[in-house]
Amino acid sequence: MSRFEGKGSSDYDVRIKKLIPGYQLLHQLTASYLKTTLKPNARILVVGAGTGSDILELSNIESSWSFTALDISSDMLDIAKNRFKEANIIGRVDFHTGDVGGLNVGDYDAAICLFVTHFIEGYDEKIKLLSEINAKLKSDAFLLLADLMQYQSEDIRLSQSTISQYLGLEIEAAEVMLGRLETDFYPLSESELAVVAKLSGYDEPLIYFQALRFSGFILSKLEVST
Ligand SMILES: C[S@@+](CC[C@H](N)C(=O)[O-])C[C@H]1O[C@@H](n2cnc3c(N)ncnc32)[C@H](O)[C@@H]1O
């Protein structure tokens, strides 16, 4: 069972706020950037929609947008569906359980992919996912990507444990988390991300969020020369 199924999905909303400093701020900044740059009635692809927090924030800031909530975990999407029903936005969301390659619609005005690609091992697999997202976007569209990036110092790595304890994580769980950051995550440096983005058809990433090494980037789709 993956970390996003069963108990891993039902615990997610409580757990994630202790693990990622600024989790809600990242969603708010993502919504703000989209509100600044997109027109009314925009269609947004949300890759790794999880339990729906991304879409709830976006739906709050602009009532005319519609969404595709895509995730490989049906348990996470089931929780999202219930939250969308409660928030009365279910009619604005299409659901897709599976990967981006299997999505048979395109022409999105923007995509977001928050805290997903750091779990993908290897350049080639990361490039595959980012290229598949690119293929679903309009020519002038962009992707907002948030991931854990490589640590630049041991003190910054240890501060991740300190802030998580400060946010309510038990000390033992914080130790486990530090271990998992080494074994379960595949973070890039900023320069590696720039290479991966270019090979996936995007311009140089621009940063719009950072909390320790959790970082958010704007990746504009590169124009295809004819
Ligand atoms: C850490 S959660 C992030 C959820 C949400 N974006 C948020 O900010 O709370 C990562 C999600 O990505 C999903 N996921 C992992 N790999 C994926 C892939 N290749 N395609 C789509 N979803 C994926 C997981 O099932 C999980 O729901």
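Scoring rules and cut-offs
Residues numbered from 1 in each chain as written. Predicted model: local features only at pLDDT ≥ 70, side-chain atom pairs only at ≥ 80, totals over all residues. Heavy atoms only, no water. Pairing = 2+ DSSP bridges. Helix = DSSP H or I, 4+ residues; strand = E, 2+ residues; numbered from the N terminus. Axes fitted to C-alpha atoms, helices over the stretch in contact; angles between N-to-C directions. Phe/Tyr/Trp six-rings, centres within 6.5 Å; stacked < 30°, edge-to-face > 60°. Buried < 20%, exposed > 50% of the residue type's maximum accessible area, 1.4 Å probe, protein only. Lys NZ or Arg CZ within 6 Å of the ring centre and 35° of its normal. Patch = residues over 30% accessible without salt bridge, like charges linked within 9 Å, V, L, I, M, F, W, Y side chains within 5 Å. Areas by Shrake-Rupley, 256 points an atom, 1.4 Å probe, with all protein chains shown as cover. Salt bridge = Lys/Arg side-chain N within 4 Å of Asp/Glu carboxyl O.

Caption draft 1: Inspection of the sheet that holds strand β6 (residues 206–211) at higher detail. Sheet architecture is open: seven strands sit in the order β3-β2-β1-β4-β5-β7-β6, paired in mixed fashion. Two strands in the sheet have a free side with no partner beyond their single neighbour: β3 (93–97) and β6. Looking at each pair of strands side by side, their axes are set apart by 15 degrees on average, direction ignored.

Caption draft 2: The packing of aromatic side chains, seen in detail. Applying the stated criterion across every chain yields a total of eight aromatic pairs. Here F119 and F185 contribute two aromatic rings whose centre-to-centre distance is 4.8 Å and whose plane-to-plane angle is 50 degrees, an arrangement assigned as tilted. Of the two residues, F119 is situated in the loop between β4 (108–114) and α6 (123–135) and F185 in the loop between α8 (171–183) and α9 (190–199); the sequence distance between them amounts to 66 residues. Since its relative accessible area comes to 21%, F119 is described here as partly exposed. Residue class for F185 comes out buried when judged on its relative accessible area of 14%. Ring-pair connections join several aromatic residues into one group, and the members of that group are F4, Y12, F119 and F185. Directly above the aromatic system of F95 lies the positively charged group of K81, at a separation of 5.0 Å from the ring centroid.

Caption draft 3: A nonpolar patch on the surface, seen in detail. Together, Y123, V195 and L199 make up an exposed nonpolar region whose accessible area comes to about 280 Å². Topologically, L199 is positioned in helix α9.

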